[in-house]
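A closer look at the structure
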Amino acid sequence: MHQARKRFGQHFLRDQKIIQRIISALCPEPKQRLLEIGPGLGALTVPVLRKTGSLEAIEVDRDIIPILQDACKELGDLLIYQKDVLHFDLSVIVQNQSPLRVFGNLPYNISTPLIFHLLKFTQHISDMHFMLQKEVADRLTSIPGRKSYSRLTVMAQYHYHIKQLFDVPPGAFHPVPKVDSRIVRLLPYGKIPYPAKHYSRFETVVKQAFGQRRKTLRNSLSGLKQGIPEEAWKILGIDPQKRAENLTVEEFVNLSNYS
């Protein structure tokens, strides 16, 4: 039996009822192009492959791949990329093909940087379903004024409508993690509700504001190479004495768009 490796953040899902709930939420169908991140021992891989007949997966642990291939050898076509997903360019495998349905039980130690990485490829994604640490799920769906409202919240909600689906207890895994988990669904907007004129500028404004989140916006954004003009606060109706956690996604976009 493969031993879970701490350096890869491995916690293998084993509760069959939870597995079936995830598959029901994902609702995979033949001819859809699905990509699993971190398939591990195949708890989700096997039932998805049974339904679709083909599946792609990204797995960093080379020792687990033969076990996974053996479990799936008579179920359909499984294509595994032995890569670090944080450095994996999804656009290379999409090219002119249909968008990807991305899913997985994400390693908790990389879930936040991984979501930031995947935001770069939103145009190539039709939806995402992830098992996340409850704290990260709360940040993704947070609202202004809450402690959980963060840079991740703003950047993810700029691209996606995000919904928490259901909780998964620690006992559903082996080894048992010290945190609670939650399934979330991310659906990209067909049309961005509040489009940024210059996305890189928007990214910078949000990162700078939350990088010094205890400071007022006037102070935290004063170090921007292209600062916020003083008249912008009044024209946009944004109080410069507020902190980053108090601004909506729309207000961050408006700030970044002002020139």
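Residues numbered from 1 in each chain as written. Predicted model: local features only at pLDDT ≥ 70, side-chain atom pairs only at ≥ 80, totals over all residues. Heavy atoms only, no water.

With that out of the way, let us pick up the packing of helix α2 (residues 45-52) against helix α3 (residues 65-72). For the pair α2 and α3, the least separation of the axes is 10 Å and the interaxial angle reads 40 degrees. Here α3 runs oblique to α2, going by the angle between their axes. α3 is crossed by α2, and the crossing has right-handed handedness. Residues Thr 45, Val 46 and Leu 49 of α2 touch α3, and the partners they reach there are Leu 68, Ala 71 and Cys 72. In terms of residue class, the contact of α2 with α3 is built from five nonpolar, one polar and no charged. (Axes fitted to C-alpha atoms, helices over the stretch in contact; angles between N-to-C directions. Helix = DSSP H or I, 4+ residues; strand = E, 2+ residues; numbered from the N terminus. Parallel < 35°, antiparallel > 145°, perpendicular 65-115°, else oblique. Left-handed = near helix turned anticlockwise from the far one by under 90°. Contact = heavy atoms within 4.5 Å. Nonpolar A, V, L, I, M, F, W, Y, C, P; charged D, E, K, R; others polar.)

A separate point is the sheet that holds strand β6 (residues 125-133). Ordered by their spatial adjacency, seven strands build an open sheet running β4-β3-β2-β5-β6-β9-β7, and the pairing between neighbours is mixed. With partners counted over all chains shown, the strands left at the sheet margins are β4 (77-81) and β7 (160-168), one partner each. Taking the axes of each pair of neighbouring strands and ignoring which way they run, one obtains an average angle of 20 degrees across the sheet. Both strand β3 (residues 54-58) and β4 contribute to a ladder of five bridges, which runs parallel. The partner of Ile 58 across the bridge, within β4, is Tyr 81. Against the sheet, α2 engages β2 (34-37), β3, β4 and β5 (100-105), with an angle of about 150 degrees to β3. (Pairing = 2+ DSSP bridges.)

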